[in-house]
Structures are given as structure tokens and as C-alpha cells.
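# Summary of the model geometry
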Amino acid sequence: QVQLVESGGGLVQAGGSLRLSCAASGRIFSIYAMAWFRQAPGKEREFVTGISSSGGSTAYADSVKGRFTISRDNGNTMYLQMNSLKPEDTAVYYCAADGQRFSGSYANLQRYDYWGQGTQVTVSS
């Protein structure tokens, strides 16, 4: 009932910036929290950042705090502004959306009902 499509990935030099977008379609009125996860080759999918339905609450992984900023607009498009990128940020970035009210951590992968296909971010040294 909800489709998520990521865009904005690409190749960038260390220290550069990139902005990812996650466009939601379908029953967007049913979306609650949203989040970004990433997965590097040979590693598990890890939490990056999450945002509440209203945008009034956010959470960040320690590894990206101060460099990345999550936001969402009234049309349920979510953004990830990435600054001061490092080679270790290289991964496929996925957006996720929660289709029900949930009181737990944004980092809980199991809470999310919808996932995008991912967009590749590569940071060269």
C-alpha cells in the first residue's frame, strides 16, 4: 500500500556532500515514523537516522551525528543531507517507513513495514 523510492546517490569525494531523497507513494497518510538505514558489502544493515511522523523528533547514530541531517516534508518525502562524507559512509542507503504507531526505538529494524530498493553512495578517498 506504500511504495518508497530512494534517489540522489552517487560518487563523491571525501569531505563532500550529497542529499538523498525518499519519495513515498500510495497510502502516504498511513505513514508514521520514517528512517534511513545503510548496508555496506559484507556487513549487516545498520541504523543511520530516524524521524517522527510530525518531524518533531529525530535520532542519529553516533557515527553520523553532526554530519547528517534528516528531514521530511508535508508530502511524506524524506531527505538525508550528508555533509563531510567519509569513505566509511560508502554503502547502499535504504529508506524505511512505519505503517503503524510504535513507541520503541527508531533503530529497531523490525518496526518498519515498508522499504525502498536502496541507492548507492560511494565516497572516494
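Structure's up top.
Residues numbered from 1 in each chain as written. Predicted model: local features only at pLDDT ≥ 70, side-chain atom pairs only at ≥ 80, totals over all residues. Heavy atoms only, no water.

## Brief notes about the state of the cysteines
In this structure the tally under the stated criterion is one disulfide. Here cysteine 22 pairs with cysteine 95 through a disulfide, and the sulfurs are 2.1 Å apart. The sign of the S-S torsion, about 60°, decides the handedness of the disulfide formed by cysteine 22 and cysteine 95: right-handed. With cysteine 22 in strand E3 (residues 18–26) and cysteine 95 in strand E9 (residues 91–97), this residue pair connects regions lying 73 residues apart in the sequence. Across the pair, cysteine 95 and cysteine 22 agree in class, each one buried. (Disulfide = S-S within 2.5 Å. Helix = DSSP H or I, 4+ residues; strand = E, 2+ residues; numbered from the N terminus. Buried < 20%, exposed > 50% of the residue type's maximum accessible area, 1.4 Å probe, protein only.)

## Focus on the environment of isoleucine 28
Mapped onto the elements, isoleucine 28 comes out in the loop between E3 and strand E4 (34–39). Spatially, the C-alpha atom of isoleucine 28 lies 31 Å from that of leucine 85, the residues being 57 residues apart in sequence. If sequence neighbours within four positions are ignored, isoleucine 28 has contacts with Gly75 and Asn76. (Contact = heavy atoms within 4.5 Å.)

## Digging into the environment of threonine 90
As for its placement among the helices and strands, threonine 90 is situated in the loop between strand E8 (78–82) and E9. Between the alpha carbons of threonine 90 and valine 121 there is a distance of 5.4 Å; along the sequence they are 31 residues apart. Sequence-distant contacts of threonine 90, that is, excluding residues within four places in its chain, are made with Ala40, Gln120, Val121, Thr122 and Val123. Of the polar contacts made by the side chain of threonine 90, one reaches the backbone oxygen of proline 87; its length is 2.9 Å. (Polar contact = N/O pair within 3.5 Å; in protein donor to acceptor, adjacent residues only side chain to side chain.)

## Here's the deal with the pattern of salt bridges
Side chains that differ in sign of charge can pair as their charged atoms come close. All chains considered together, the criterion is met by five salt bridges. Among the ionic pairs, aspartate 89 bridges to arginine 38, the shortest N-O distance being 3.0 Å. Placement of the pair is aspartate 89 in the loop between E8 and E9 and arginine 38 in strand E4, with a sequence separation of 51 residues. Residue arginine 38 is classed as buried on the basis of its relative accessible area of 5%. A salt bridge links arginine 67 to aspartate 89; the shortest N-O distance between them is 2.8 Å. Here arginine 67 is found in the loop between strand E6 (58–60) and strand E7 (68–72), whereas its partner aspartate 89 is found in the loop between E8 and E9, with 22 residues between them in sequence. Each member of the pair, arginine 67 together with aspartate 89, is buried. (Salt bridge = Lys/Arg side-chain N within 4 Å of Asp/Glu carboxyl O.)

By themselves these figures say nothing about function.
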